[in-house]
Amino acid sequence: MKTFTNANPKDIREAITLLSRGNASIVGGGSDLLGMVKERLMSPDVLVNLKSIRGLDKVETQSGKMKIGGLITLDALSHDAQIRKNYAVLAEAAESVGTPQIRNAGTLAGNVCQRPWCWYYRNGFPCLKNGGDKCFSASGENQLHAIFGGGPSYIVHPSDTAPALVALDAEFHVSGPSGDRVIPVGQFFQLPRVDAARENVLAPDDVLVAITLPAARPGVRSTYHKVLDREAWTHAVVSVAMVLEMDKQICRSARIVLGGVAPIPWRLPKVEAMLAGQRITPELAAKAGEAAIVGARPLAKNKYKVPLTQNVVKRTLLSLA
Amino acid sequence: MSVTPLKTVGHPTQRIDAVKRVTGTATYTGDIQVPGMLYARVLRSPHAHARIRKIDTSKAQALPGVKAILTRENCDIVWSSGDTRNKRYLFNNPVRFAGDAVAAIAATDRHIAEEAMRQIEVDYEVLPFVLDPEDALKSDAFAIQPGGNLSPNAKGQHEPDIFRHGDIDRGLTTADRVFEDHYTSVHINNAQLEMRVSIAQWDGDKLTVYASTQGISNCRTDIAKDLQMPLEKVRVVCQFMGGGFGNKNQCHDFDLMAAMLSKSAGLPVKLEFTRKEDYVAVHGRWPTKQYYKIGVAKDGTLTGIQLRGYSGMGPYRKGAGGIAGVELYQCPNVETTIYPVYTNMAVSANLRGPAYPQGIFGIESLMDHIAYELKIDPLEFRLKNMTRKYHDELPFTSNGLEDCIRRGADAFEWKKRWHAAGVGAGPVKRGAGMAMGAFGSAVGRSSAVVKLDGSGKYHLHVGVTDVGTAAKTTMGLIAAEELGVPLEKIEVISGDTALCPYSVGESGSRTTTHTGYAVVQAAKDLKRQIAEKGLPQGSEVLTASVNADPAQPKDAARYSFAAHFAEVEVDTETGHVRVIKYVAAHDSGRIINPLTCASQVKGGATMGIGMALHEELLYDRQTGVPLTAGYYGARVMTHRDTPDVEVLFVETEGAYGPFGAKSIGESTIVPSVAAVGNAIFNAIGRRVKDLPITRDKVLGVLA
């Protein structure tokens, strides 16, 4: 491992100042970051340890909204009683990450900002994510790669909590050198056609401090369904985060977001629209599944993800009906 | 069929070192710290095949803390057990796979060693590479070794390994039906928990190597041979080891590198691998391509079996490269032709039942298919055609295969669970499958020393390291039984060539039958001495030392047998496969320790399920670089993937082994892959013929 300095800032401002000096990385839980430093996928001179700042892991209600500190561990998030009750999709997503050890160390902000797990990137190929000019998966081993939104990079976004947060219409509180700002979740993640080296709009000296969820509403049902290639410690092959606002048997509104199929959490606005005002029946669920895969562009080795996505959307919808 | 009960042997017994292992007080090789020790790292080729034009180590050499650097330019040691056909150096030029060693560095800490690794400048001339064994045999393929890509046989001839029995043409032309199909398996890693590590320390011209080895005696012999040292100048120590599954036999290049770095630096050296290195740089199971033709008569009797197979050995011939399984069937006409082929993938050699699970997957899948086609219950088809004589000729010393099938089927409730293929209603379908297996159980050379001191304590010296099989406990139990004393009276001294006699090495499932046999003989000799001289008093010690080399029976074959049964749930909408019930029936003769023996079976079956459903060292075809090295990428089984494995022992009576024991460790994985594959077929009525049976393939055959 390359030698680095561990810096313990006292507050966010100091953290940003340290980050602004260049070649520094934020460390929250460090569960993925340290592995990446060991693998030389990143070689920071300074690690800015956010755990030294108090209060970044709090869950609090502010005028009905739920504000969650970015440093909360995935384990704590998945066990928080209010989140389990009112935002089940987020608790379930957090609970599905990695292993108990990873969830004990890994944080919400770290999970949202996690770098891709594409095997070309992680093996140090000179790809678009590693400063190169080519995506090796496009004509290579793309079994686990994108069927939506790909090009020029075909990675899939690795986060479980990110689709849940998009489905919940969260807001991201970001602090940077020029101050604090709130980014709507729809503007946080970024397709590779905008910038193939990154997955979101954060600058290197930005800190994702907290995430706010809209006030809990009656009749909301939500869930996270994750398909794994083994029962633990893999990323989603396909996942679905679904939030339905129900009025008895009628769906008033829906937000459906896919994980594991696109370089960003992949929202399905057309499927959401077709559910509004409808009774969720097996027939409607089947139609929703069909609509979910419209526009999918699979690569040579991931065609199976298309029917898989269709079926997982159908099932997840029925499970909430 | 059952064996006469004994006093100590045959009762579930906790490992004698269990508490040390589970409380973290056992000292594994990686835990050992020698004062003044340096830390070493290995620079490896990023290319699948390349000639090294130039290596410049000057910048690395100049880094403070760097104490020794070895490359081909200053080290031309040949690692003899790394290749049985060609000269394989510690550092080869050309490098022949992504991960082939280029240089080794020892420094005062591992971070400096890693930094030095990055400062070494290597000028590579990239060469063409080939990954597929059939492609490697094409006339336009680039030769990886002199003489071409068909690895020569033991006589040095570039010819395939051919076995013939009867007349295959007759066997196929006289058949009522001939079935033809092909199956493939991939390179997977042993994935043992303990990564490769070696610590070398010189004292004058004497060398001590703290190794992580499956055989201290073999490791020592190989080190002495490759470093051209007298055997008595080399000591190998491995008190606790954390698994190997066949890739820690003999000595390894890293043992020799540690020794040479230590010699060059004049200080002890510890060389540790990362998990990724462990996956790519040592060896795994050989991938195969298997083409079968099987002739059957109308009544289901086999008339001929023909196999043409290709085994990808990587660029060095470390393993045998066979494809086993055809011999499980009684058939008058058999022909197998196996091509062990050089490729630029990671080296392939021993992994638990080296030639078996992949071969059994092929033959047992096709036999299963034939049974369905002939409308015969696959279980009845096996009972009809299973081997009664080895290669149709030699009787077995004991053959519990039929009992394994019948008793396993009862425990599994085969009649209730097995059904016509693919008939289940709904998207989630259940299916049942089974497969047979066998593994050799030879007796042979090994040694043991038993001492009795004046205090009444027995000391058993055996050169085992205990690769996870509980060999130390097994040896203690065998001695206790023969001596007629409780296990607690016996101290087992193992894992150090300075303290222990030769042992065969914990490979080939031989420890119980080879070293166990020597223990019985030594105990017998000690009892004779006690009868003659009386019990030792005060500082007196009685010593019985035996170098046993029992002859194999010439008129009979000695094998262990097994039948595994799996029930799976296949979700036809998601391609998800889950094993929900598993029964493993084994004939390993008398079971010395039912507790640890059952653990072996559970572990083997679990490994096999992982091989069936998940694991692959997947290569990028554009660059020849592996993509899935490590536990995350290779999708090694987790506890949550593992079903309860119900274990049954059919204890056949048979001579030769200690108290009639046969082998166990490797037979446990042999039928498992095929059993799972056959269960998936039974569930969905479609067959995936290429391992691993992943979601994309399941959804692919269903599409």
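See the structure shown above.
These numbers were taken from a predicted model, which means no experiment stands behind them. (Residues numbered from 1 in each chain as written. Chains lettered and ligands numbered in written order. Predicted model: local features only at pLDDT ≥ 70, side-chain atom pairs only at ≥ 80, totals over all residues. Heavy atoms only, no water.)

A.B. asks: Is there a simple way to think about the overall build of chain A in this case?
C.D. replies: The secondary structure content of chain A amounts to 12 helices and 13 strands. The globule rule puts the C-alpha radius of gyration for 321 residues at 20 Å, and the 19 Å found for chain A is close to it. Considering only C-alpha atoms, chain A reaches an extent of 60 × 50 × 35 Å along its principal axes. A burial count over chain A gives 57% of its 321 residues as buried. For chain A, the share of sequence-separated contacts (at least 6 apart) that also reach a separation of at least 24 residues comes to 64%. Total accessible area computed for chain A in this model is approximately 12,900 Å², and 52% of it derives from carbon and sulfur atoms. (Helix = DSSP H or I, 4+ residues; strand = E, 2+ residues; numbered from the N terminus. Rg over C-alpha atoms; globule rule 2.2 N^0.38 Å. Buried < 20%, exposed > 50% of the residue type's maximum accessible area, 1.4 Å probe, protein only. Contact = heavy atoms within 4.5 Å. Areas by Shrake-Rupley, 256 points an atom, 1.4 Å probe, with all protein chains shown as cover.)

A.B. asks: Explanation requested: the packing of aromatic side chains in the structure shown.
C.D. replies: When we look at a pair of aromatic rings, we describe it by the centre distance and by the angle of the planes. Enumeration over the complete set of coordinates arrives at 28 aromatic pairs over all chains. Plain terms: the ring middles of Phe172(A) and Phe188(A) are 4.4 Å apart, the flat faces sit at 55° to each other, and that makes the pair tilted. With Phe172(A) in strand S6 (residues 171–176) and Phe188(A) in the loop between strand S7 (179–184) and strand S8 (207–213), the pair connects residues that are 16 residues apart, well separated along the chain. Each member of the pair, Phe172(A) together with Phe188(A), is buried. Linked through ring pairs, Tyr372(B), Phe412(B), Trp414(B), Trp418(B), Phe565(B) and Phe681(B) together constitute an aromatic cluster. A cation over a ring is seen here: Arg72(B) above Tyr89(B), with NZ or CZ 3.7 Å from the ring centre. Above the ring of Tyr631(B), the side-chain terminus of Arg275(B) is found at 4.1 Å from the ring centroid. (Phe/Tyr/Trp six-rings, centres within 6.5 Å; stacked < 30°, edge-to-face > 60°. Lys NZ or Arg CZ within 6 Å of the ring centre and 35° of its normal.)

A.B. asks: Explanation requested: the state of the cysteines in the structure shown.
C.D. replies: In a disulfide, the sulfur atoms of two cysteines are covalently bonded to one another. Following the criterion strictly, the structure yields 0 disulfides over all chains and no others. Cys118(A) carries a free sulfur, and the closest cysteine sulfur to it, the one in Cys127(A), is 6.2 Å from it. The cysteine Cys404(B) is free of any disulfide, with Cys597(B) supplying the nearest cysteine sulfur at 12 Å. (Disulfide = S-S within 2.5 Å.)

A.B. asks: Teacher, can you tell me more about the environment of Pro9(A) here?
C.D. replies: Residues and elements named next belong to chain A. Mapped onto the fold, Pro9 is located in the loop between strand S1 (5–7) and helix H1 (12–20). What makes Pro9 buried here is its relative accessible area of 1%. Through-space distance from the C-alpha of Pro9 to that of Ser52 is 6.2 Å; in sequence the pair is 43 residues apart. Beyond its immediate stretch of four places on either side in the chain, Pro9 contacts Glu14, Ala15, Leu18, Val48, Asn49, Ser52 and Ile53.

A.B. asks: How should helix H13 (residues 471–483) of chain B be read in this particular structure?
C.D. replies: Residues that lie three or four places apart on an α-helix share one face, since the helix turns once every 3.6 residues. Residue and element names in this part refer to chain B. Its 13 residues place the ends of H13 18 Å apart at the C-alpha level, agreeing with the 18 Å of an ideal helix rising 1.5 Å per residue. Of all 13 residues making up H13, 13 are buried, and the element is well covered by its neighbours. Looking one or two places after H13, you find Gly484, whose phi comes out positive at around 75°. (Expected span 1.5 Å × (residues − 1).)

A.B. asks: What should I look at first to understand the sheet that holds S6(A) in this one?
C.D. replies: Whether parallel or antiparallel, the strands of a sheet pair through hydrogen bonds between backbone atoms. Residues and elements named next belong to chain A. Read from one edge to the other, the open sheet built from 5 strands follows the order S4-S5-S8-S6-S7, with strand pairing classed as antiparallel. A single partner strand is all that each edge strand has here, and the edge strands are strand S4 (59–62) and S7. For this sheet, the mean angle separating the axes of adjacent strands, direction not counted, is 25°. As paired elements, S6 and S8 share 5 bridges and run antiparallel to each other. Bridge assignment links Ser175 to a residue of S8, and that residue is Val207. Its contacts with the sheet place H1 against S6, S7 and S8, and it is angled at close to 65° to S6. (Pairing = 2+ DSSP bridges. Axes fitted to C-alpha atoms, helices over the stretch in contact; angles between N-to-C directions.)

A.B. asks: Where do I start with the interface of chain A and chain B in this structure?
C.D. replies: One widely used convention gives an interface's size as the accessible area the parts lose upon coming together. Residue-level contacts link 33 residues of chain A with 32 residues of chain B. Between the two partners, chain A and chain B, sit 6 salt bridges. Counting across the chain A and chain B interface gives 21 residue pairs in polar contact (both at pLDDT 80 or more). Mapped onto the side of chain A that touches chain B, the elements with two or more residues apiece are helix H8 (119–122) and helix H12 (305–320) of chain A. (Salt bridge = Lys/Arg side-chain N within 4 Å of Asp/Glu carboxyl O. Polar contact = N/O pair within 3.5 Å; in protein donor to acceptor, adjacent residues only side chain to side chain.)

A.B. asks: Could you clarify how one ought to interpret the side chain of His459(B) in this entry?
C.D. replies: Residues and elements named next belong to chain B. Counting through the fold element by element, His459 comes out in strand S21 (residues 458–461). Of the polar contacts made by the side chain of His459, one reaches the side chain of Asp453; its length is 2.8 Å. Filtering out sequence-adjacent residues up to four positions away, His459 remains in contact with Val449, Val450, Lys451, Asp453, Glu491 and Ile493.

A.B. asks: Explain the layout of surface pockets here, please?
C.D. replies: Take a probe with the size of a water molecule and roll it over the atoms, and the empty space left behind shows itself. Residues and elements named next belong to chain B. Reported here for the second largest pocket is a volume of approximately 640 Å³. Of all the elements in the fold, those that place two or more residues in the lining of the second largest pocket are strand S6 (161–165), strand S16 (334–341), strand S17 (389–390) and strand S19 (428–440). No other element matches S6, which puts 4 residues into the lining of the second largest pocket. Looking at side-chain class alone, the lining of the second largest pocket contains 17 nonpolar, 7 polar and 5 charged residues. (1 Å grid on protein atoms, 1.4 Å probe; cavity = no way out; pocket = protein on both sides within 12 Å on 5 of 7 lines; lining within 4 Å. Points joined across faces, edges and corners; volume = space filled by probe spheres on them. Nonpolar A, V, L, I, M, F, W, Y, C, P; charged D, E, K, R; others polar.)

A.B. asks: When you look at unusual backbone geometry in this model, what are you seeing that I'm missing?
C.D. replies: Leaving glycine out, the prevailing phi sign among residues is negative, and the prevailing peptide bond configuration is trans. Here the amide bond leading from Gly151(A) into Pro152(A) is cis, since omega sits at -5°, within 30 degrees of zero. Tracing the backbone shows Pro152(A) in the loop between H8 and helix H9 (161–167). Following Leu691(B), the chain continues into Pro692(B) via a peptide bond in cis, with omega recorded as -10°. Take Pro692(B): it is sitting in the loop between helix H17 (672–684) and helix H18 (695–702). Here the phi dihedral of Asp392(B) falls at roughly 70°; this positive angle occurs in a residue that is not glycine. For Asp392(B), the location among the structural elements is in the loop between S17 and strand S18 (394–395). In the Ramachandran plot, Glu413(B) falls in the positive-phi region, its phi being about 60° despite a non-glycine side chain. Along the polypeptide, Glu413(B) turns up in the loop between helix H11 (401–412) and helix H12 (414–417). Accessibility expressed as a relative area gives 35% for Glu413(B), which makes it partly exposed.

A.B. asks: Is there a simple way to think about the side chain of Ser137(A) in this case?
C.D. replies: Within the secondary structure, Ser137(A) is located in the loop between H8 and H9. Judged by relative accessible area, which is 1%, Ser137(A) ranks as buried.

A.B. asks: I keep staring at the sheet that holds S16(B) and nothing clicks. Help me out?
C.D. replies: Residues and elements named next belong to chain B. Spatial strand order, S6-S16-S15-S14-S7: 5 strands in an open sheet with mixed pairing. Of all strands in the sheet, those bounded by a partner on one side alone are S6 and strand S7 (177–185). Each adjacent strand pair in this sheet contributes to an overall mean axis angle of 5°, direction not counted. In this structure, strand S14 (residues 288–296) lies alongside strand S15 (residues 302–312), joined through 9 bridges in antiparallel fashion. Across the sheet, the residue bridging to Gln290 is Gly309, located in S15.

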